[in-house]
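Secondary and tertiary structure notes
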Amino acid sequence: MSGRTYRPATAKRQRFYLPNATLPAHQADCPVCGLRVALPTLYQGQEASCPRCHHPLARIESRPYMMTLACALASLIVLLLVYSLPFVTIAMPGVYSPLRLPEMLFTLLGGDWGFLGGVLFVFTFGVPLLFVLLCLYLYFSLWQGKTPPGMLWAARLITRLRHALMVDVFFISVMVAYIKIVTVAQVDFGAAFWLLPVLALLLLRTSLAVSEHWVYRQIRRTRRLKAFQAAENTVCCTRCLHFRPLSEGFCGVCGTELGYRRPGSLSLSAAFLLAAAILYLPANLLPIMISSNPLKTEISTIMSGIIFMWNDGDKLIAVIIFSASIAVPTLKILSMLVLLYCARFKPLMPVWAMSLQYRITEAVGRWSMIDVFVIIMMMSAFHTPIAHVSPGPASVYFCLVVILTMCSAYFFDPRLLWDHAAAERPSSEP
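Residues numbered from 1 in each chain as written. Predicted model: local features only at pLDDT ≥ 70, side-chain atom pairs only at ≥ 80, totals over all residues. Heavy atoms only, no water.

A count of helices and strands for the chain gives 15 helices and 13 strands. When the 430 residues of the chain are sorted by exposure, 50% land in the buried category. Across the chain, the fraction of contacts at a sequence separation of at least 24, relative to all contacts at a separation of at least 6, is 70%. (Helix = DSSP H or I, 4+ residues; strand = E, 2+ residues; numbered from the N terminus. Buried < 20%, exposed > 50% of the residue type's maximum accessible area, 1.4 Å probe, protein only. Contact = heavy atoms within 4.5 Å.)

Here it is as structure tokens:
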């Protein structure tokens, strides 16, 4: 059964045809539903997806080397500009505070909230910088047909880092914080702010240009290794989609632990989910932000802050914060709980609906970081004796909840849902 393919028809694309970029016809197991798919020969500008669950299996850019290199190089340049140019200026009576992103990081790292500073650094600078540098290193090597040291390590890291890029989440957080700050202070955005959405789009395009299956095949081609193995008496790796011998404990192509299904998937996912559920209580009950001025001090929890903003007329901010901080984490915990029950005991809905639920749950988890980034922006904007904002202990708990729920979804093996649903069908059903 072949996946859906999309073939370029324009002569312009054919002019850039590279025989080495072609993926020959072969088989692969879908990492989402487990269906064995016979993939046809794929050329530049084509892609193939699973005919059962429609999960993308393989994709080749129309310009597989230059597109990724161009996007990664542009991302690197814009990233350096964002972290070197003025970001925002906050002006109040007697206070003039120009801010750059490095200063915001140093404020957090040098104070009592180094954990939040580390989170901001990792997700908005460290991971994006490492991601684009590794993309440049790997794709330039593939383009030149060379095999420098660390090539396989770079590919393994790239395919994992792209799930932790949060520049787009940070940009939305800045906009939310701006709506709140502008009511009490004058805000002037610098060049770095206007470049931030450009950086988010470039990183997104670079991430989309990286096709794991194609990359690992190209690495094996440059090393003159056998590209694909027969599917008999082998197990298909869930990351690189290469069939490997049953005797291998870890995939010889990408280093992922091998197994017919992810070893300990339900146990790991449930453990992360339980930890997230436990930490979600102090995240909602303890103060998340402490605001003070010479006249008074306000201590806010997540819900009290939402209610205050709603009553104060900031209904849009209240809805955004409620969605990101209350609705999304709660629904994600409940969703993962339902998925774990369905995979372990009994399906509660059609398998296609459970698969869609898992994809949505996995995709929206990182957007809960909006509240954490908003607090960081408020703290950076109001860090004077006249107006001072500091994170409360709940901010750390909430940040851990977001990370733990992301890990719970990451380690969950959705193929277990399809296995359980297949076992529930009558034997006469195909």
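The next point concerns helix 3 (residues 101-110). Those residues of helix 3 not exposed but buried are Leu-101, Met-104, Leu-105 and Leu-108. For helix 3, the arc enclosing every buried residue in end-on projection is 100°, short of the 170-degree limit, so these residues lie on one face. Opposite the buried face of helix 3, at more than 90 degrees from it, the exposed residues are Phe-106 and Gly-110. (Arc of directions from axis to C-beta.)

Positive phi is not limited to glycine here, since His-54 has a value of about 65°. As for its position among the elements, His-54 is in the loop between strand 4 (47-49) and strand 5 (56-59). If you check the backbone angles, Leu-241 has positive phi at about 60° while not being a glycine. Tracing the backbone shows Leu-241 in the loop between strand 9 (234-236) and strand 10 (243-245). Relative accessible area serves as the criterion here: at 3%, Leu-241 is assigned to the buried category.

This brings us to the nonpolar core. General note: in soluble globular proteins, nonpolar side chains tend to be found buried as a group. Membership of the largest hydrophobic core comes to 134 residues, with the highest contact counts inside it found for Phe-87, Leu-138, Phe-170, Ile-219, Met-369 and Phe-373. The biggest single contributor to this core is helix 4 (residues 114-144), with 14 residues. Not counting the four nearest positions on each side in its chain, Phe-87 is found in contact with Leu-99, Arg-100, Leu-101, Met-104, Phe-170, Val-174, Phe-189, Gly-190, Ala-192, Phe-193, Leu-196 and Met-377. (Core = buried A, V, L, I, M, F, W, Y, C linked by side-chain atoms within 4.5 Å.)

In the UniProt entry, the feature "transmembrane region" (unreviewed entry) is given for residues 69-93, 113-140, 161-179, 191-216, 270-290, 316-343, 364-382 and 394-412. Spanning residues 113-140, this segment combines 96% helix with 0% strand, and its end C-alpha atoms are found 39 Å apart. (UniProt positions renumbered as here; feature names shortened; annotations may be inferred.)

A word on the confidence of the model for the chain. When pLDDT is averaged across the chain, the result is 81; 89% of the residues are at 70 or more. Per-residue pLDDT, averaged within each element of the chain, yields its smallest value for helix 1 (residues 11-14) (42) and its largest for helix 2 (residues 66-82) (94). Predicted confidence is poor over residues 1-15, with pLDDT under 50, and the contacts of this stretch with residues over four places away or in other chains come to 34 contacts. Scored below 50 in pLDDT, residues 426-430 makes 0 contacts in the model with residues more than four places away or belonging to other chains. (pLDDT = per-residue confidence, 0-100.)

What follows covers the packing of aromatic side chains. What the rule picks out here adds up to 17 aromatic pairs. Taking the centre distance of 6.3 Å and the plane angle of 25° together, the rings of Tyr-139 and Trp-214 count as stacked. Of this pair, Tyr-139 sits in helix 4 while Trp-214 sits in helix 8 (residues 212-222), and the two are 75 residues apart along the sequence. Note on accessibility: Tyr-139 and Trp-214 belong to one class, buried. Relative to Phe-345, the ring of Tyr-341 has its centre 5.3 Å away and its plane inclined at 40°; by these criteria the two rings are tilted. With relative accessibility at 38%, the residue Tyr-341 sits in the partly exposed group. One aromatic cluster is present, built from ring pairs that chain together Phe-87, Phe-170, Phe-171, Tyr-178, Phe-189, Phe-193, Trp-194 and Phe-373. Positioned above the aromatic ring of Phe-345 is the side chain of Arg-344, whose terminal nitrogen or guanidinium carbon lies 5.1 Å from the ring centre. (Phe/Tyr/Trp six-rings, centres within 6.5 Å; stacked < 30°, edge-to-face > 60°. Lys NZ or Arg CZ within 6 Å of the ring centre and 35° of its normal.)

A separate point is the side chain of Thr-124. Position of Thr-124 relative to the elements: it lies in helix 4. Polar contacts involving the side chain of Thr-124 include one to the side chain of Tyr-83, which spans 2.8 Å. (Polar contact = N/O pair within 3.5 Å; in protein donor to acceptor, adjacent residues only side chain to side chain.)

Taking every second residue as pointing to the same face, the buried face of strand 3 (residues 36-39) carries Val-37 and Leu-39, while none of Arg-36 and Ala-38 on the other face is buried. Pairing geometry for strand 2 (residues 26-29) and strand 3, over 4 bridges, is antiparallel. Considered in strand 3, the bridge of Ala-28 is made with Val-37. Between the end of strand 2 and the start of strand 3, which pair antiparallel, lie 6 residues, with Gly-34 showing a positive phi angle near 85°. (Pairing = 2+ DSSP bridges.)

This part is about the side chain of Ser-173. In this fold, Ser-173 is placed in helix 6 (residues 167-181). Not counting chain neighbours up to four residues away, the residues in contact with Ser-173 comprise Met-369, Ile-370, Phe-373 and Val-374.

Counted according to the given criterion, the structure contains 0 disulfides. This cysteine, Cys-237, is not joined by any disulfide, and Cys-254 carries the nearest cysteine sulfur, 3.3 Å off. Exposure remark for Cys-237: the relative accessible area of 1% places this residue in the buried category. (Disulfide = S-S within 2.5 Å.)

Under the criterion given, the structure shown has 7 salt bridges. A salt bridge links Arg-59 to Glu-47, with the nearest nitrogen and oxygen atoms 3.7 Å apart. In this pair, Arg-59 is assigned in strand 5 and Glu-47 in strand 4, connecting sequence segments 12 residues apart. Judged by its relative accessible area of 30%, Arg-59 is partly exposed. (Salt bridge = Lys/Arg side-chain N within 4 Å of Asp/Glu carboxyl O.)

Moving on: helix 14 (residues 393-411). With 19 residues, helix 14 extends 28 Å between its outermost C-alpha atoms, agreeing within 8% with the 27 Å of an ideal straight helix rising 1.5 Å per residue. Looking only at helix 14, the buried set comprises Ala-394, Ser-395, Phe-398, Cys-399, Val-401, Val-402, Leu-404, Thr-405, Ser-408 and Ala-409. (Expected span 1.5 Å × (residues − 1).)

Two numbers describe how helix 10 (residues 302-311) lies on helix 11 (residues 315-344): the axes approach to 8 Å, and their chain directions differ by 160°. The orientation of helix 10 with respect to helix 11, classified from their angle, is roughly antiparallel. Every pair of crossing elements has a handedness; the one defined by helix 10 and helix 11 is left-handed. Between helix 10 and helix 11, the contacting residues are Ile-302, Met-303, Ile-306, Met-309 and Trp-310 on the first element and Lys-315, Ile-317, Ala-318, Val-319, Ile-321, Phe-322, Ser-325 and Ile-326 on the second. For the contact of helix 10 with helix 11, the residue count by class is 11 nonpolar, 1 polar and 1 charged. (Axes fitted to C-alpha atoms, helices over the stretch in contact; angles between N-to-C directions. Parallel < 35°, antiparallel > 145°, perpendicular 65-115°, else oblique. Left-handed = near helix turned anticlockwise from the far one by under 90°. Nonpolar A, V, L, I, M, F, W, Y, C, P; charged D, E, K, R; others polar.)

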